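# Structure at a glance
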Amino acid sequence: NPFKSLSNLIDIPVLKHNLKDTETLSIVAEFYFKRKYYNEAYNTFSLVAENSRPHAALFQKMGYSLQQMGNTAKAISLYEQAELLNAESQWTIRNLAACHKTLGQFGEALKYYQRLETMRPDDVSIALNIGHCYLALDNIKEALHNYYKAEFLDEQSTRAWRPVAWCLMLNRDFDQSLAYYNRIINNEPTAADYLNL
């Protein structure tokens, strides 16, 4: 069974000479990518990139493969190349923001999330991430503003409650913070919620 254990098809000597053209390599790379064999996908996409004109989707998939393997810094470099070819791709911008956030580069992440916000002003997740970046940059006022926005955009969601309560506590607005923590305690609390309360 050739699929029982993973072997990179482009490394098998008997097949190697048949897998040189860009079209075949692209099919092999997509096969690996769809099955989450990111190392093999990245290596095969790299061969495709060497022998074809650059396009955003190729750099996106190479970047995503590296991101999944934990090579976030190199993933950023590839996402930036994808961005040069398609500056309006929300997918690329979102992944650039996430990578910078992962690396603790909250100022850079914030820039990308703010670009996304101009494209999708009513996205709760973007508002929350902007709030997280501001909080990491010690700008509690702006963080709280974005958390309130997230809460307003989705009144049914509880995702903004914890960060709002935390920011209010940092601002020493204990009564309001306590009100939020009491709401949290009545809705699937964690040990940290009880400590903060």
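Residues numbered from 1 in each chain as written. Predicted model: local features only at pLDDT ≥ 70, side-chain atom pairs only at ≥ 80, totals over all residues. Heavy atoms only, no water.

### Digging into the pattern of salt bridges
How we decide: Salt-bridge detection follows one rule: a side-chain nitrogen of Lys or Arg within 4 Å of a carboxyl oxygen of Asp or Glu. Here a helix means four or more residues in a row that DSSP labels H or I, a strand means two or more in a row labelled E, and each is numbered from the N terminus. Per-residue accessibility, obtained with a 1.4 Å probe over protein chains only, is compared with the maximum for each type, and a residue is labelled buried under 20%, exposed over 50%, and partly exposed between these values.
For the structure shown, the criterion picks out eight salt bridges. Linking Glu-30 and Lys-61 is a salt bridge whose minimum nitrogen-to-oxygen distance equals 2.6 Å. Residue Glu-30 is located in helix α2 (residues 22–34), and its partner Lys-61 is located in helix α4 (residues 56–68); the two are separated by 31 residues in the primary sequence. Across the salt bridge formed by Glu-83 and Arg-115, the nearest N and O atoms sit 2.3 Å from each other. Linking Glu-83 in helix α5 (residues 72–85) with Arg-115 in helix α7 (residues 106–119), this pair joins segments that are 32 residues apart in sequence. On the basis of relative accessible area, Glu-83 is assigned to the buried category, the value being 14%. The class for Arg-115 is partly exposed, based on a relative accessible area of 28%.

### Observations concerning the packing of helix α10 (residues 161–170) against helix α11 (residues 174–185)
The line we're drawing: Lines fitted to C-alpha atoms define the axes here, with helix axes fitted over just the stretch in contact, and angles between the N-to-C directions of these axes take values from 0 to 180 degrees. Note that the term roughly parallel is reserved for angles under 35 degrees, roughly antiparallel for angles over 145, roughly perpendicular for angles of 65 to 115, and oblique for everything else. If you view the pair so one helix is near and one far, a crossing is left-handed when the near helix is turned anticlockwise from the far one by less than a right angle, and right-handed when it is turned clockwise. The contact criterion used throughout is that any non-hydrogen atoms of two residues lie within 4.5 Å. Just so you know the grouping, Ala, Val, Leu, Ile, Met, Phe, Trp, Tyr, Cys and Pro go in nonpolar, Asp, Glu, Lys and Arg go in charged, and all remaining residues, Gly too, go in polar.
Here α10 crosses α11 at 155°, and the two axes come no closer than 8 Å. If you check the angle between α10 and α11, you find them roughly antiparallel. When the axes of α10 and α11 are compared, the crossing they make is left-handed. Two secondary-structure elements touch here, α10 through Trp-161, Arg-162, Val-164, Ala-165, Trp-166, Leu-168 and Met-169 and α11 through Phe-174, Gln-176, Ser-177, Tyr-180, Tyr-181, Arg-183 and Ile-184. A breakdown of the residues in the contact of α10 with α11 according to their chemical character gives ten nonpolar, two polar and two charged.

### So, the packing of aromatic side chains
Quick reminder of the rule: Aromatic rings from Phe, Tyr and Trp, with only the six-membered ring used for Trp, were paired whenever their centres fell within 6.5 Å, and each pair was classed as stacked if the ring planes differed by under 30 degrees, edge-to-face if by over 60, and tilted otherwise.
In this structure the tally under the stated criterion is eight aromatic pairs. Measuring from centroid to centroid gives 5.8 Å for Tyr-38 and Tyr-64, while their planes differ by 75°, and the two rings are edge-to-face. Note that Tyr-38 is positioned in helix α3 (residues 38–50) and Tyr-64 in helix α4, a separation of 26 residues in sequence. Judged by its relative accessible area of 14%, Tyr-38 falls in the buried class. An aromatic cluster of at least three residues, connected via ring pairs, comprises Phe-33, Tyr-38, Phe-45, Tyr-64, Tyr-79 and Trp-91.

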